Amino acid sequence: MTEHTVEFVGTGETIEVPETRPILQVCMEEGIAQEYSCRVGMCLACSAEIVEGEVEQTVVEQRALTEEEAENYALTCMARPKSDLKLDRGSYPPSIEDAEADAAGAAADDD
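Conventions used here
Residue indices begin from 1 for each chain and proceed along its sequence in written order. Reporting of local features is limited, given that this is a predicted model, to residues whose pLDDT is at least 70; pairs of side-chain atoms are given and counted only at 80 or more, and all residues count toward the totals for whole chains, interfaces and linings. In computing side-chain properties, one takes all heavy atoms of the structure into account and sets aside hydrogens as well as water. Among buried residues, those of type Ala, Val, Leu, Ile, Met, Phe, Trp, Tyr and Cys that are joined through side-chain atoms within 4.5 Å constitute a nonpolar core. Each residue is assigned to one of three classes by its accessible area relative to the maximum for its type, calculated with a 1.4 Å probe on protein chains only: buried under 20%, partly exposed between the two thresholds, exposed over 50%. The secondary structure listing takes helices from DSSP runs of H or I that are at least 4 residues long and strands from runs of E that are at least 2 residues long, numbered from the N terminus. Contacts are assigned to residue pairs that have any heavy atoms within 4.5 Å of one another. For two strands to be treated as a pair, DSSP must find no fewer than two bridges joining them. Axis lines are fitted through C-alpha atoms, for helices just across the contact stretch, and the angle between N-to-C directions can take any value from 0 to 180 degrees. The residues that make up patches have over 30% relative accessible area and no salt bridge, and they are joined within 9 Å when like-charged or within 5 Å when they are Val, Leu, Ile, Met, Phe, Trp or Tyr. All accessible areas in this document rest on Shrake-Rupley with a 1.4 Å probe, and a residue is counted as covered only by the protein chains that are shown. Salt bridges are counted wherever a side-chain nitrogen of Lys or Arg sits within 4 Å of a carboxyl oxygen of Asp or Glu. For the purpose of charge, His is not counted, nor are the chain termini; Lys and Arg are scored as positive and Asp and Glu as negative. A charged residue contributes its charge at one atom only: NZ of Lys, CZ of Arg, CG of Asp or CD of Glu.

Caption draft 1: Looking closely at the nonpolar core. Formed by 15 residues in total, the largest nonpolar core has its most connected members in V6, F8, I15, I23, V55, L85 and L87. Elements with a contribution of two residues or more to this core: β1 (3-8), β2 (13-18), α1 (23-30), β3 (47-52) and β7 (85-88). The greatest single-element share of this core, amounting to three residues, is contributed by α1. Residues contacting I15, with those up to four places away along its chain left out, are H4, T5, V6, F8, I23, V26, C27, E30 and I32. By size, the runner-up hydrophobic cluster in this structure holds nine residues, among which are L44, A70, C77 and M78.

Structure (structure tokens):
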């Protein structure tokens, strides 16, 4: 079974993840504080920007990320490493940033 090193940029945290397992699952086992909620690729809470490397996340096309976002962001609950990776957990895809801005704007309009 092939394993790849997954490094979280800016935290110094590194784990070894088999190609057959989701990154989030190994994070939880290793005590890495990766955010998550639904664990089925819908909520985007577990997303991380792919700084370097490749993942396989075949369910993404049917879920929350656009095709373009899926090239640059990993949903760690679904993503399996295809190479060594560097991930930035502090970066979210534009679709979640846009949704948060829309919600903030709607809340301000209600005041």
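Text resumes after the structure shown.
Caption draft 2: Fine view of the sheet that holds strand β5 (residues 73-75). Taken in spatial order, the five strands of this open sheet run β2-β1-β7-β3-β5, and their pairing is mixed. Each having just a single partner strand, β2 and β5 make up the two edges of the open sheet. Across this sheet, the average inter-strand angle for adjacent strands is 35°, counted without regard to direction. Judged from the three bridges that link them, β3 and β5 form a sheet pairing that is antiparallel.

Caption draft 3: How the structure looks around the pairing of β2. Relative to β2, β1 runs antiparallel, the two sharing six bridges. In the sheet register, H4 faces β2, and the bridge partner there is V17. Hairpin connection from β1 to β2: four residues lie between these consecutive antiparallel strands, with G10 at a positive phi of about 80°.

Caption draft 4: Structural context of a negative patch on the surface. Taken together, E3, E7, E16, E52 and D84 make up a surface patch of like negative charges. Mapped onto the elements of the fold, E16 is located in strand β2. You can call E16 partly exposed: its relative accessible area is 40%.

Keep in mind these numbers describe shape, not what the thing actually does.
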